[in-house]
Amino acid sequence: MTLSYLTPAFLIERDNKRCIQCKVCVQQCANEVHRFDEEEGEVLADELNCVNCQRCVVMCPTRALSVRKSPNEFRQNANWTADAIKSIYIQAETGGVLLTGMGNDRPYPIYWDHMLLNASQVTNPSIDPLREPMELKTFLGRKPDSLVIENGKLKEKIPPQLELDIPIMFSAMSFGSISLNAIKSLARAARQEGTFYNTGEGGLHKDLYEYGANTIVQVASGRFGVHPEYLQAGAAIEIKIGQGAKPGIGGHLPGEKVGREVSETRMIPEGTDAISPAPHHDIYSIEDLSQLIYSLKEATNYEKPVSVKIAAVHNVAAIASGIARAGADIIAIDGYRGGTGAAPLRIRDNVGIPIEFALAAVDSRLRQEGIRNQVSLVVAGSIRNSADVVKAIALGADAVYIATGALIALGCHMCQKCFTGKCNWGIATQDPQLVKRLNPEIGAQRAANLLRAWKHEIKEMLGGMGINAIESLRGNRLMLRGIGLTEKELQILGISAVGE
Amino acid sequence: MKRVYAREEFCVGCRLCQVHCVTAHSPYKNDIVKAFKKSNPRPLPRVIVEENRPLSFALQCRHCEEANCTKACITGAMQKDPVTGVVTNDETRCVGCWTCILVCPHGAIVQDERGKKVAAKCDLCSGLKEMPACVQHCPNGALLYQEDESQVRA
Amino acid sequence: MLREGVVRIPSGCAISGMMNKKGKCFSGEDIIKSIAIMHDRSNGLGGGFAGYGIYPDFKDDYAFHFFFDDDTVKETVETLLNKQFTIIFDEPVPTRKTKAIKDAPIIWRYFVQPKSKMVIQSGIPEEEYVVKFVMKVNSEIEGAYIFSSGKNMGAFKGVGYPEDIGDFFRLDEYKGYIWTAHGRFPTNTPGWWGGAHPFTLLDISVVHNGEISSYGTNRRFLEMYGYKCTLQTDTEVMAYIFDYLMRRQGLSLDVVVAAMASPLWMEINRMDPEKRELVKAIRAVYGSLLVNGPFSILVGTNQGMIALNDRIKLRPSVAATKGDFLYVASEESAIREICPKPDKVWAPRGGEPVIGLLENAQVNYNFAAGENERIAINS
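Parameters and conventions
Residues numbered from 1 in each chain as written. Chains lettered and ligands numbered in written order. Predicted model: local features only at pLDDT ≥ 70, side-chain atom pairs only at ≥ 80, totals over all residues. Heavy atoms only, no water. Helix = DSSP H or I, 4+ residues; strand = E, 2+ residues; numbered from the N terminus. Buried < 20%, exposed > 50% of the residue type's maximum accessible area, 1.4 Å probe, protein only. Contact = heavy atoms within 4.5 Å. Areas by Shrake-Rupley, 256 points an atom, 1.4 Å probe, with all protein chains shown as cover. Rg over C-alpha atoms; globule rule 2.2 N^0.38 Å. Lys, Arg positive; Asp, Glu negative; His and termini not counted. Charge placed at Lys NZ, Arg CZ, Asp CG, Glu CD. Pairing = 2+ DSSP bridges. Axes fitted to C-alpha atoms, helices over the stretch in contact; angles between N-to-C directions. Patch = residues over 30% accessible without salt bridge, like charges linked within 9 Å, V, L, I, M, F, W, Y side chains within 5 Å. Salt bridge = Lys/Arg side-chain N within 4 Å of Asp/Glu carboxyl O. Expected span 1.5 Å × (residues − 1). Buried area = accessible area lost by both parts, 1.4 Å probe. Polar contact = N/O pair within 3.5 Å; in protein donor to acceptor, adjacent residues only side chain to side chain. Parallel < 35°, antiparallel > 145°, perpendicular 65-115°, else oblique. Left-handed = near helix turned anticlockwise from the far one by under 90°. Nonpolar A, V, L, I, M, F, W, Y, C, P; charged D, E, K, R; others polar. Phe/Tyr/Trp six-rings, centres within 6.5 Å; stacked < 30°, edge-to-face > 60°. Core = buried A, V, L, I, M, F, W, Y, C linked by side-chain atoms within 4.5 Å.

Looking at an unreviewed UniProt entry, one finds chain B named 4Fe-4S dicluster domain-containing protein, with Thermanaerosceptrum fracticalcis as its source organism.

As structure tokens, this is what we get:
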């Protein structure tokens, strides 16, 4: 292959009136787009490798840079779009599967934006969270059918619960897919705000054991980093069956990212690929899952809730019911917009269903079967703001997982190139030069600020609805109205239309 | 006294400290573009970025308790303020003999030969009310301005 | 216009209740006077009463009070009733012709015993059997509605001002040891008799002033356990919560109160470790039964009367005692009207129940506090 047909996707505009030739952009671009030309005595750019991560734009001290979509256009074609054509050029050159990062970016409808919240007027006072208590405490875990109380004392302890001060947790992201500094940022923020982060299938780095009380340790199909201390270290254990961005697909951490620390943490040789199989090879059925759930409970003396994470697929309600009956304490459901460090593009963009529908269907199904209280529901897959959180809880979730939102708080600019390992923001990379760009003190503060900001907003919305404890919002679908939805969509979501 | 401490584990080698040092020592303290394009001569950065990737850190005058440079200075231009402890070079008295550079154990003094030969060094932005410009503008908390070395390690 | 059950109608209200701790029965006259003084808190679109101890001659039979739209549906129901129950006695509920009350449905009462063979066959406790029947009639039989189903107690309600409803049902001729009353101010006008308060299930009756914001959550939780919220009213949901927690879960009253009007977390954090663990468990397990938003309720049972406010007291309630009598009402005037010089008058705090139990109450309510004291768990 001699000539590549690929052309730059972006155009970098440098305002020469502002550029002071300080070379900060040159220093910062891991893709080597900017360079200082000694002969010309000025900074130039070759955009072919530009991913529009905005690092240079943000770091430029004189705001001399902007990145735009390349003005270069193919002949207009509503069917063969530029994306469609370019994808073919890439595959014609490489013969490989198209890879991408982060969540589905296709223009499917966003159902959160088709639901509106209620507020109190006259007949029921709204509550001012600045003046009245407003409670967000949430418990995740199996609730018993009844309490056994004798002489004013709890006679039987209730099953283990995760206690959250805010119904938002950081979703699974492994050490390997993201940097240790990124994980430290989230772990500290979780501890500070009384919630949890999730190890993903990356094991638990030795520096992270101190955050154990705020850690959910994951057991996934590759079983990387799983050992007795690991299981004991976390507050809960999550069995990962699937992920919203790539349902039915395993994971692959290329060998170049498996440095000494990743290798130690995952318990695999340095430089080898870490391949998580598509299924767990000891789980080919629901009864196999049950066995693993109870094995993990046994291994941790029934002291920790066990969560099972699945991708939202067509038959999610029945699957969730099975998982509840298999003994899971928490079910995490990841919608088709869920993020990823690396996924085959066609899988990410075409497999799975929206979390809004998956949640509504699962919650309704578990209630129909009278087992909703046996299990907690955590939903993920593009929770973008506090209103999404409130809507998710009103639809029936106990809590939400956020990951993309958390990474954006840390600096992610959604360039979708996580899989290259060249994250200029120090997040999705193991390159020490890049990793240090994310100072976990700053990262923790930013992630904690995000949680606090959402907490304030959730309280305002609850107060407006005349609710002062989050449990009175859970499954309270009367607080939602659908706008621009079909009769069938409304029916599945279990909500009325606006004006009804 | 308050000094600038570098945290190499967070230094990203961007050299924004230098950009802001130049600006802070130019006549255009609030305009980076003018500081670079109109100052004549443009001040040299008094902070030095040492780099051997992935290692990097910003270095500037340590304002030593027993400052060799002040003792070696042949004209008395290099002085340590007895109250603030800041070591400064009075460029009007400096003759550019480079003796201070010779004795500085940190390599924190640079030669400025673009006009009159003078030794240029960090003055902790004495003209600025808040913290030194390099600390204030470090994007990653890799520079701290404080009394002692605590909290320097993450 | 859509009636209750098809649409959810918020309403404001007046409530009043009185009881004699010794179980001495007194006429319904006073409770009518008490609710009448709060005339302006209702708008003529609903009023009702519950009386306990009013059927001494049939005290062991379930007293079903029915509204029927016509004779055909009455016959349908009676066929069904005869299948599952033995009717000991039945008659129209006596009424008085009054100017104010119009368009009354057929109002009938049946004193019944469940057929023991069928109860055994069903494999569920007798009370559950009765509840199932009530739910079935109310959700499935168009034009029939059971608005009272307890033993030795009865609800009387309809569309009109409460004092007129009391007069219509000749409550002055009944004697009971607990009376509760309700005047309704719904925000729109279905004018259906079944929609008035009190709402009852077995011997639990609820009168309620408020509009709860947790309705959707409460309802969906209850529906998991077979409750059918046919009226879509807060009162119905409250009655079911009481029924679920007290009868089905067998919880003591202090636990029920801690679930419905939970202490705030900042209060819980100050409790001693044992109590903290208990209340934490209550909130974790029964969180969906926390009643949120403004409410002030009076719950009657054969064993006594309980008044409860939402935990930040967004609706009024005043309590008073005089000798063996306990009074609770939306306004103090409603108490003073019938008891001008009470021994003690107080405004219970948010989430703090007022509990009046009969002296000979045989209950599993294992709390220590007397009726006028703040209940142990909430202190």
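> How would you summarise the overall build of chain B if you had to cite specific residues and measurements?
Tallying secondary structure elements over chain B gives five helices and eight strands in all. Put simply, chain B runs from its N terminus to its C terminus through helices and strands in the order β-α-α-β-β-α-β-β-α-β-β-α-β. The dimensions of chain B, computed from C-alpha atoms along their principal axes, are 40 × 35 × 30 Å. Expressed as a percentage of the 154 residues in chain B, the buried residues total 47%. Taking the contacts inside chain B whose residues are at least 6 apart along the sequence as the reference set, 57% of them involve residues at least 24 apart. Total accessible area computed for chain B in this model is approximately 7800 Å², and 51% of it derives from carbon and sulfur atoms.

> Summarise the overall build of chain C; cite the residues concerned and give the values.
A count of helices and strands for chain C gives 11 helices and 18 strands. Against the globule reference of 21 Å for 379 residues, chain C gives a C-alpha radius of gyration of 19 Å, in line with a compact fold. Going through the 379 residues of chain C one by one, you find that 63% of them count as buried. Intrachain contacts of chain C at a sequence separation of at least 6 include 75% that bridge at least 24 residues. Surface exposure of chain C reaches about 13400 Å², of which carbon and sulfur atoms provide 48%. Both charge centroids of chain C, one from 43 positive and one from 46 negative side chains, sit 3 Å from each other.

> Talk me through the sheet that holds strand 22 (residues 480-482) of chain A; I want residue IDs and the actual numbers.
All names here are of chain A. Taken together, three strands build an open sheet; the order of strands is 6-22-23 and the sheet is mixed. Two strands bound the open sheet, and with one partner strand each, they are strand 6 (115-117) and strand 23 (496-497). Pairing between strand 6 and strand 22: three bridges, direction antiparallel. Counted as the bridge partner of M115 is G482 from strand 22. Packed onto the sheet, helix 11 (residues 386-395) meets strand 6 and strand 22 and runs at close to 95 degrees relative to strand 6.

> So, a negative patch on the surface: which residues are in play, and what are the values?
A contiguous patch of negative charge, built from C:D69, C:D70, C:D71, C:E75 and C:E142, is present on the exposed surface. Looking at the secondary structure, you find C:D70 in the loop between strand 4 (62-68) and helix 2 (71-84).

> Quick one: what's the story with helix 7 (residues 234-248) of chain C, residue by residue and with numbers?
Residues and elements named next belong to chain C. Over its 15 residues, helix 7 extends 20 Å from the first C-alpha to the last, a length consistent with the 21 Å expected when each residue adds 1.5 Å. By the criterion of burial, helix 7 is predominantly enclosed, with 13 of the 15 residues buried. Following helix 7 by one or two positions, G250 adopts a phi angle in the positive range, close to 65 degrees.

> Requested: an account of the interface of chain B and chain A, with residues and values cited.
Taken together, the contacts link 25 residues of chain B with 22 residues of chain A. Both sides together, the interface formed by chain B and chain A hides about 1800 Å², and carbon and sulfur atoms give 55% of it. At the surface where chain B touches chain A, the tally comes to one salt bridge. Close ionic contact of A:E441 with B:R7 constitutes a salt bridge, the shortest N to O distance being 2.8 Å. Across the chain B-chain A interface, the total number found is 12 residue pairs in polar contact (both at pLDDT 80 or more). At four residues, helix 2 (residues 32-37) of chain B tops the list of elements feeding residues into the side of chain B that touches chain A.

> How would you summarise the interface of chain A and chain C if you had to cite specific residues and measurements?
On the side of chain C, 41 residues touch chain A, which itself brings 44 residues to the contact. Summed over the shared surface of chain A and chain C, the number is six salt bridges. Of all elements in the fold, only strand 9 (153-154) and helix 10 (355-368) of chain A reach the threshold of two or more residues within the side of chain A that touches chain C.

> Before we move on, can you summarise the packing of helix 7 of chain C against helix 8 (residues 253-260) of chain C with the specific residues and values?
All names here are of chain C. Where helix 7 contacts helix 8, the two axes come as close as 10 Å, and the packing angle between them is 135 degrees. Of the possible angle classes, the one that applies to helix 7 and helix 8 is oblique. Of the two elements, helix 7 crosses helix 8, and the hand of that crossing is right-handed. Residues M238, I241, F242, L245 and M246 of helix 7 form the contact with helix 8, whose own contacting residues are L253, V256, A259 and M260. Residue classes in the contact of helix 7 with helix 8 are distributed as nine nonpolar, no polar and no charged.

> Tell me about the pattern of salt bridges, residues and numbers included.
A side chain with one charge may pair with a side chain of the opposite charge, provided their charged atoms come close. The full count for this structure, using the stated rule, is 58 salt bridges over all chains. For A:E163, the salt bridge identified is with A:K137, shortest N-O distance 2.7 Å. Taken together, the positions of A:E163 in strand 10 (residues 162-164) and A:K137 in the loop between strand 6 and strand 7 (138-140) put the pair 26 residues apart, joining distant regions of the chain. On the basis of relative accessible area, A:E163 is assigned to the partly exposed category, the value being 30%. A salt bridge links A:D363 to A:R372; the nearest nitrogen and oxygen atoms lie 2.8 Å apart. With respect to class, A:D363 is no different from A:R372; both count as buried. When salt bridges that share partners are traced, they join A:D363, A:R367, A:R372, A:D398, A:R474, A:R477 and C:R220 into one network.

> Tell me about the sheet that holds strand 5 (residues 85-92) of chain C, and name the residues and values.
Strands in a sheet are paired, the pairing made by backbone hydrogen bonds, and the direction either parallel or antiparallel. All names here are of chain C. Taken in spatial order, the four strands make up an open sheet running 5-6-4-7, and their pairing is antiparallel. Strands at the two margins of the open sheet, each flanked by one partner only, are strand 5 and strand 7 (144-148). Ignoring which end each strand starts from, the neighbouring axes of this sheet average 30 degrees apart. Across seven bridges, strand 4 lies against strand 6 (residues 106-114) in antiparallel orientation.

> Go over the side chain of A:E489, please, and point to the residues and values.
Among the structural elements, A:E489 can be located in helix 15 (residues 487-493). Looking at A:E489, its side chain comes within polar contact range of the side chain of A:Y111, at 2.7 Å.

> Hey, could you go over the packing of aromatic side chains for me, with residue numbers and the actual values?
Residues and elements named next belong to chain C. Taken as a whole and judged by the stated rule, the model has 32 aromatic pairs over all chains. On the numbers, 4.2 Å between centres and 15 degrees between planes, the contact of F58 with F111 is stacked. Here F111 lies in strand 6 and F58 lies in the loop between strand 3 (47-52) and strand 4, a separation of 53 residues in the sequence. Residue classification places F58 among the partly exposed positions, given a relative accessible area of 21%.

> Lay out the nonpolar core with the relevant residues and their values.
Ranked by size, the top nonpolar core spans 115 residues in total, and within it C:F64, C:F169, C:F242, C:L245, C:M260, C:Y286 and C:I297 carry the most contacts. Looking at this core, the element that brings in the most residues is helix 7 of chain C, giving nine residues. Counting residues in each nonpolar core, the second largest holds 108 residues, with A:I183, A:V258, A:L451 and A:L485 among its members.

> Break down unusual backbone geometry for me, citing the residues and quoting the values.
The phi torsion of most residues other than glycine is negative, and most of the peptide bonds are trans. In the segment running from B:N40 into B:P41, the intervening peptide bond is cis, with an omega of -5 degrees. Within the secondary structure layout, B:P41 lies in the loop between helix 2 and strand 2 (48-52). One non-glycine residue, C:D103, adopts positive backbone phi at about 55 degrees. Along the chain, the position of C:D103 falls in the loop between strand 5 and strand 6. Its relative accessible area of 72% is what places C:D103 among the exposed residues.

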